[in-house]
Amino acid sequence: MNTPFISLDASWREANVQTLPPQLAPWISEPASLTARLKRHCRQFRVQLLNEQQSELPAFLQHLLPDTAAAQLREVILWCNDMPCVYAQSWLPQQTVTVLRPLADLGERPLGDYIFQQPGLHRGIIETTQLDIALPQLSVAARCHARRSVFTLDGLPLLVAEAFLPAMALLDDTPL
Ligand SMILES: C=C(O[C@@H]1C=C(C(=O)O)C=C[C@H]1O)C(=O)O
């Protein structure tokens, strides 16, 4: 079984804006596309693909994506102004990818640019946690706030998790 770069097995709870750090609260509670919000806050935005492969769904995720035998794991870094701001890990069940073919090989196209264009998109609750993120190739080793949601596209599920890296603190709060 191929494993993700980073395990996001932690104790997740429904996001409560009151308990989130003020600077990150708007990002963690953003109901629309994180890609779109990041693009509004940086001059240069890009997706670095770390990993895109068939993988077994980890046991701690099975309650979120029930009846998912096989899934595509996608791991990316979202870069803003040449700073690594978000590590994202998405799990795309085979039955979802079979129907929504563009999900099979997004490469460096942002997942959000696709799913938020689709009619019939529904976002489930936003859960948050804090966990240790180590990305030695990016000289990142920090305890980070993270969020995750299950989306459905006309009933087809996918799970998206995002960890906010230390460079988020360097992003200008005001949109450009
Ligand atoms: C779901 C979104 O897509 C973003 C882009 C991702 C990708 O390209 O893999 C993954 C998670 C998000 O940060 C979004 O924009 O909200």
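Residues numbered from 1 in each chain as written. Predicted model: local features only at pLDDT ≥ 70, side-chain atom pairs only at ≥ 80, totals over all residues.

Concerning the overall build of the protein chain
Right, so step 1: A tally of regular secondary structure across the protein chain gives four helices and eight strands.
Right, so step 2: In sequence order, the secondary structure elements of the protein chain are arranged as β-α-α-β-β-β-α-α-β-β-β-β.
Right, so step 3: Since a compact globule built from 176 residues should have a radius of gyration of about 16 Å, the 15 Å found for the protein chain is in line with a globular shape.
Right, so step 4: Each of the three principal axes of the protein chain carries a C-alpha extent, and together these read 40 × 35 × 30 Å.
Right, so step 5: Each of the 176 residues in the protein chain was classed as buried or not, and the buried ones make up 29%.
Right, so step 6: Of the contacts made within the protein chain by residues no fewer than 6 positions apart, 67% connect residues no fewer than 24 positions apart. (Helix = DSSP H or I, 4+ residues; strand = E, 2+ residues; numbered from the N terminus. Rg over C-alpha atoms; globule rule 2.2 N^0.38 Å. Buried ≥ 20, exposed ≤ 12 C-beta atoms within 10 Å, placed from the backbone. Contact = placed C-beta atoms within 7 Å.)

Quick notes on unusual backbone geometry
Right, so step 1: A positive phi angle is found at D67, which is not glycine, with a value near 60°.
Right, so step 2: The topology assignment puts D67 in the loop between β2 (45-56) and β3 (70-80).
Right, so step 3: Phi at N81 is positive, roughly 50°, even though this residue is not glycine.
Right, so step 4: Its place among the elements puts N81 in the loop between β3 and β4 (83-93).

Side note on the site of the ligand
Right, so step 1: In the region of the ligand, 16 residues are neighbours, and L34, T35, A88, L111 and G112 sit closest.
Right, so step 2: For the shell around the ligand, the secondary structure elements donating two or more residues are α2 (34-41), β3, β4, α4 (111-115) and β8 (156-164).
Right, so step 3: Here the shell around the ligand is built from residues that sort into 10 nonpolar, four polar and two charged. (Near = placed C-beta within 6 Å. Nonpolar A, V, L, I, M, F, W, Y, C, P; charged D, E, K, R; others polar.)

Here's the deal with the environment of C42
Right, so step 1: Looking at where C42 falls in the secondary structure, it is placed in the loop between α2 and β2.
Right, so step 2: Exposure remark for C42: the 20 C-beta atoms within 10 Å place this residue in the buried category.
Right, so step 3: C-alpha separation for the pair C42 and L153, spaced 111 residues apart in sequence, amounts to 28 Å.

Observations regarding the UniProt feature "binding site: substrate" (unreviewed entry) in the protein chain
Right, so step 1: UniProt annotation of "binding site: substrate" (unreviewed entry) refers to R74, L111 and E162 when read in the numbering used here. A maximum C-alpha distance of 12.1 Å places the annotated residues, which cover 89 residues in sequence, within one compact spot.
Right, so step 2: For R74, the location among the structural elements is in strand β3.
Right, so step 3: R74 gets classed as buried once you count the C-beta atoms within 10 Å, which come to 23.
Right, so step 4: Residues within four places of R74 in sequence aside, it is in contact with E52, S90, L92, L106 and L111.
Right, so step 5: Mapped onto the fold, E162 is located in strand β8.
Right, so step 6: Once residues within four sequence positions are removed from consideration, E162 is found in contact with L34, V86, A88, A146 and R147. (UniProt positions renumbered as here; feature names shortened; annotations may be inferred.)

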